[in-house]
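Breakdown of the fold
Single-letter residue listing:
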Amino acid sequence: MTSMSFIRKNSNARILIKESGMMAFKLLKLIKNPLKIINLIKLEYLEFRCNTNKRIDSQTKIYKELGLQRDKSIKHLNVILKQLGLNKYDEDYGMYSEHLIIFAGIALEKKNIDSVLEIGTYDAISTTILSALFENSKIYTIDLKNNDPIYKQTYSREDSEIRNRFNIARDKIIASRNNIEFIQMNSLAIMQTTLRKKKFDLIWIDGAHGYPFVCSDIMNSIALAHQSTIIMCDDIWESVDKSDQIYKSIASWETLNCLKYAELIDLYFFLKRVGKIHLNNKKFIAYFKLKDLSTI
Ligand SMILES: C[S@@+](CC[C@H](N)C(=O)[O-])C[C@H]1O[C@@H](n2cnc3c(N)ncnc32)[C@H](O)[C@@H]1O
């Protein structure tokens, strides 16, 4: 055996030992946590029943039904993200999810978007993307006041120093765009402000996700919509183990389905993320329009 092949054989053996060791460690960790094993099996079963490609196909079909094109929208979104100096689209990166692709699709295909309302500004990244996709539109974005107790206690903003830095970064991003109007108030108040006189072309509901907030946001959005307004709503669960007012509940699922069964809206659900790892925490994004009831 040459010294070269001896070294290679030896290092291959070392890699094999290391990998087996790591696998044994992972297995041990799994055995200690039976719930994780059940979840993994569930994930594989769900993926087997409907694999990622099939999920992307069904997602693409919804785009088509709505006159949008998913592949083209992803390309357009990436052009915009690059322009803004943001990361390329990847559903596993930060707050990125299918809503951005849908926004890009709307920007490409629907030319009548002059005013956009976003409920839930957070770090203003989505607001910035909206402002670039719809550069000739006015983007109104609403979030709670900096000193609102809910604002201070949610989304990892408890620490005042971290919160201040977060607020400064958000305000800087907003100031860098000339078509954003940032309104700090509780979205429950929308219909008591001058906003009530407006009709928006696109509305993105992404504030508090539980009762009674999101129901109020949905009903107010309907009041602020005209016949061709596109209303989208984030983070929709069909069922949850434990619900709360801010992050997780079935409030939007129930409210939107009630409106659908009362034949008041045309409703579509997109998967928020199509990847296999999201099958155990399936969330949707709603896309809806008002039905024409003007003859009643
Ligand atoms: C999920 S984040 C928004 C994310 C952002 N729209 C995006 O697409 O990346 C929700 C935001 O809604 C705000 N929010 C929660 N309840 C609200 C309310 N009642 N009125 C206005 N904003 C609210 C929170 O402070 C938080 O910043």
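A few points on the structure. None of the values given here were measured: they were computed from a predicted structure. (Residues numbered from 1 in each chain as written. Predicted model: local features only at pLDDT ≥ 70, side-chain atom pairs only at ≥ 80, totals over all residues.)

Some words on the overall build of the protein
We count it as follows: Starting at the N terminus, helices and strands are each numbered in turn, a helix being any DSSP run of H or I of at least four residues and a strand any DSSP run of E of at least two. Contact criterion: two residues are in contact if their C-beta atoms, reconstructed from the backbone, are within 7 Å.
On a plain count of helices and strands, the protein comes out with 10 helices and seven strands. With the C-alpha coordinates aligned to their principal axes, the bounding extent of the protein is approximately 85 × 45 × 40 Å. Long-range contacts, defined here as pairs at least 24 residues apart, represent 68% of the contacts in the protein between residues at least 6 apart.

Brief notes about the site of the ligand
Inclusion rule: Being near a molecule or strand means, for a residue, that its C-beta atom, positioned from the backbone, comes within 6 Å of it. Residues are sorted three ways: Asp, Glu, Lys and Arg are charged, Ala, Val, Leu, Ile, Met, Phe, Trp, Tyr, Cys and Pro are nonpolar, and all the rest, Gly among them, are polar.
In the region of the ligand, 21 residues are neighbours, and Gly120, Tyr122, Ser126, Ser187 and Ala208 sit closest. Sorting the residues of the shell around the ligand by element identifies α6 (125-133), β2 (138-143) and α7 (149-153) as the ones contributing at least two each. In the shell around the ligand, the residues fall into 11 nonpolar, seven polar and three charged.

Structural notes on helix α4 (residues 70-83)
Keep this limit in mind: Take the number of residues in a helix, subtract one, and multiply by 1.5 Å to get its expected span. The burial label depends on the number of other C-beta atoms within 10 Å of a residue's C-beta. Counts of 20 or more mean buried, 12 or fewer mean exposed, and intermediate counts mean partly exposed, with C-beta atoms placed from the backbone. It is the directions from the helix axis to the C-beta atoms that the arc portrays.
Over its 14 residues, α4 extends 20 Å from the first C-alpha to the last, a length consistent with the 20 Å expected when each residue adds 1.5 Å. Turning to α4, its buried residues number three or more, namely Arg70, Ser73, Leu77, Ile80 and Leu81. Take α4 and look down its axis: the buried residues cluster within an arc of 100°, on one side only. For α4, the exposed residues lying more than 90 degrees away from the buried face are Asp71, Val79, Lys82 and Gln83.

So, the environment of Ile203
By secondary structure assignment, the location of Ile203 is in strand β4 (residues 200-205). Separated by 28 residues in sequence, Ile203 and Ile231 place their C-alpha atoms 4.7 Å apart. The residues touching Ile203, leaving out its near neighbours within four places in the chain, are Leu117, Ser221, Leu224, Ala225, Thr229 and Ile231.

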